[in-house]
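Report on the structure
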Amino acid sequence: MAEGIGSYDLVVLGGGSGGYACALRAAELGKRVALIEKDKVGGTCLHRGCIPTKALLHAAEIADQTRESAKFGIKTTFEGIEMPGVLSYQTSVVDRLWKGLQSTIASRKIDTIIGDGRLISPTSVRVNDTVYEAGHVVLATGSEPRSLPGLDIDGTRVITSDDALRLDRVPRSVIVLGGGVIGVEFASVWRSFGADVTIVELLPQLLPLEDESSAKHLQRMFRRRGISFQLNTVFESVKHSDVGVTVTLVGGKTLEAELLLVAVGRGPVSSGLGYEENGVTIDRGFVVVDDLCRTNVPTISAVGDLVTTPQQGHPQLAHVGFAEGILVAERVSGLDVHPIDYAGVPRITYSDPEVASVGLTSAQIAERGLDVVEVNYPLGGNGKSVILQTQGSAKVFAEAGSDGSGPGRVLGVHLVGSRVGELIAEGQLIYNWDAEPSDVAQLIHPHPTQSEIIGEAHLALAGKPLHFHA
């Protein structure tokens with residue numbers, strides 16, 4: 001018989017981005033919190049996603065800079081990639097952040113329970129032989145790599161992103177199945193490390209959720225880097241071959257490579273965890289929540305990659321998990337909270353070049369029948385971008401003005417180029433505060449910085465372009 005432990009205000013099932021953010025904020029608000037995690041606190045983002053992937057991307061950037069140093073007048077010799085050393089660097093980054101997170105959690109007096117948790121009632125979670133009771137339960141069990149029907153992952157020749165992060169060699173060649181964020185980032189890493197890479201994407205563009213113009217910039221730069229891609233292409237099958245794998249596409253075309261990376265998205269971790277048995281509404285494995293992360297069961301909320309919302313698309317992003325975790329902690333604590341506008345959440349793909357955006361895409365604007373004006377400011381007009389030898393653009397949409405007035409609020413900011421992910425926070429402020437181009441045009445951006453591309457685009461929309469001509 002399981003032993004019961006009561007008196008918690010909140011039991012959080014899952015210690016990833018959404019779960020630990022919820023636990024930290026609730027504890028800060030005076031709640032007694034239990035945080036249950038089957039592996040390590042930090043979850044996918046810290047251990048198998050955002051952080052280790054971006055460490056690989058930084059190593060890839062160093063490799064490219066070393067190869068290209070001569071054009072800056074710097075003499076270096078590139079001798080190759082030592083993957084054990086790269087993995088050691090990656091691990092050191094993850095471990096440092098993990099230790100810091102553990103210390104932060106402990107400092108808030110949160111009880112961390114390591115083990116497989118299962119929901120057994122609307123107010124309790126069991127871990128092994130212990131039941132943890134609370135006034136409220138938060139489901140935050142996250143996501144895992146998906147595959148396709150009939151496509152078996154063997155972890156050796158047919159791999160997921162989890163396997164790719166542990167790979168102790170640079171493959172000679174890779175086929176990447178899926179041209180979303182994960183596929184594009186790994187394609188960028190492996191090409192910088194010297195592999196031949198081909199991306200197979202079902203839809204008409206890489207990064208299907210990004211603006212078409214951003215995708216075209218990325219595709220053009222990937223071609224120059226020697227990254228191949230097949231768009232509008234349907235995967236049929238894969239089999240082992242003498243070189244590694246042979247992938248057959250619908251129509252009969254075949255591709256050969258050492259590895260196949262399956263990067264077709266991530267699915268929710270919800271099966272066998274007692275959610276449906278305790279009345280929680282599930283849709284294709286995702287927990288259905290309203291705009292304040294409430295499930296249909298009054299004592300249960302859910303956050304992060306696990307959830308779906310009927311009102312609008314729900315991005316699987318660590319920072320969305322952070323925001324939702326904080327929202328739930330504050331709501332349960334009786335504070336006034338507001339729904340998250342997911343269109344106002346920044347999105348970044350950390351490839352070379354980077355792609356960053358916030359707000360609506362041109363396709364979404366067309367679907368809604370909105371009347372807009374736009375400016376596409378090329379990075380070739382920006383001093384710091386020329387110094388960095390990067391290409392790309394800053395594209396901004398704003399509502400078209402009426403009766404001769406200037407443009408209205410900004411509806412979307414889309415950036416492509418080296419390091420532009422660091423700039424999109426300003427785009428987030430512009431979009432979420434309903435700023436108009438004339439508001440942003442008054443701001444003075446430091447020179448020479450890439451942040452000027454934001455200012456220049458808005459100056460142009462406001463009718464007073466500086467380093468720009470149509």
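Scroll up a little and you will see the structure.
One structure accompanies this document, and this report is about it. Keep in mind that this is a model prediction, so the values were computed, not measured.

1. Concerning the sheet that holds strand 18 (residues 286-288)
- What the three strands build is an open sheet, ordered 17-18-20; its pairing is mixed. Every interior strand has two partners, whereas the edge strands, strand 17 (282-283) and strand 20 (307-308), have only one.
- Sheet topology places strand 17 next to strand 18; two bridges connect them, and they run antiparallel. What sits directly across from Asp283, in strand 18, is Phe286.

2. Structural notes on the sheet that holds strand 25 (residues 410-417)
- The strand order 21-22-25-24-23 describes an open sheet built from five strands, whose pairing is antiparallel. Looking along the sheet, the strands with just one partner apiece sit at the ends: strand 21 (347-349) and strand 23 (372-378). With strand direction ignored, the average angle separating the axes of adjacent strands in the sheet is 10°.
- One ladder, built from three bridges, connects strand 21 with strand 22 (residues 354-359); its direction is antiparallel. Counterpart to Ile348 in the pairing with strand 22 is Ala356.
- Contacts from helix 13 (residues 452-461) reach strand 23, strand 24 (393-399) and strand 25, with the element oriented near 140° to strand 23.

3. Let's talk about the pairing of strand 24
- With six of seven residues buried, strand 24 lies mostly within the body of the structure.
- For strand 23 and strand 24, the ladder comprises seven bridges, and the chain directions are antiparallel. Its bridge partner lying in strand 24, Val375 is registered against Val396.
- Bridge count for strand 24 against strand 25 is six bridges, and the pairing is antiparallel. By the bridge assignment for strand 25, Ala394 is matched with Leu415.

4. Notes on the nonpolar core
- With 33 residues, the main nonpolar core has Val176, Trp190, Ile199, Phe222 and Leu261 as its most contacted residues.
- When residues in this core are grouped by element, the largest group, six residues, is from helix 6 (residues 181-193).
- For Val176, the residues in contact, after removing those within four places along its chain, are Gly183, Ala187, Trp190, Val197, Thr198, Ile199, Val200, Leu261 and Ala263.
- In terms of nonpolar packing, the next biggest core, distinct from the first, is built from 30 residues, Ala23, Val33, Val41 and Leu327 among them.

5. Let's talk about the packing of helix 3 (residues 50-67) against helix 4 (residues 83-107)
- Where helix 3 meets helix 4, the closest approach of the two axes is 9 Å, and the angle between their N-to-C directions is 140°. The angle between the axes of helix 3 and helix 4 places the two elements in the oblique class. In this structure, helix 3 crosses over helix 4, and the sense of that crossing is right-handed. Here Ile51, Pro52, Ala55, Leu56, His58 and Ala59 of helix 3 lie close against helix 4, whose contacting residues are Val86, Tyr89, Gln90, Val93, Val94 and Leu97.
- A breakdown of the residues in the contact of helix 3 with helix 4 according to their chemical character gives 10 nonpolar, two polar and no charged.

Here is what the cut-offs are and how they apply
- Residues numbered from 1 in each chain as written.
- Predicted model: local features only at pLDDT ≥ 70, side-chain atom pairs only at ≥ 80, totals over all residues.
- Heavy atoms only, no water.
- Pairing = 2+ DSSP bridges.
- Helix = DSSP H or I, 4+ residues; strand = E, 2+ residues; numbered from the N terminus.
- Axes fitted to C-alpha atoms, helices over the stretch in contact; angles between N-to-C directions.
- Contact = heavy atoms within 4.5 Å.
- Buried < 20%, exposed > 50% of the residue type's maximum accessible area, 1.4 Å probe, protein only.
- Core = buried A, V, L, I, M, F, W, Y, C linked by side-chain atoms within 4.5 Å.
- Parallel < 35°, antiparallel > 145°, perpendicular 65-115°, else oblique.
- Left-handed = near helix turned anticlockwise from the far one by under 90°.
- Nonpolar A, V, L, I, M, F, W, Y, C, P; charged D, E, K, R; others polar.

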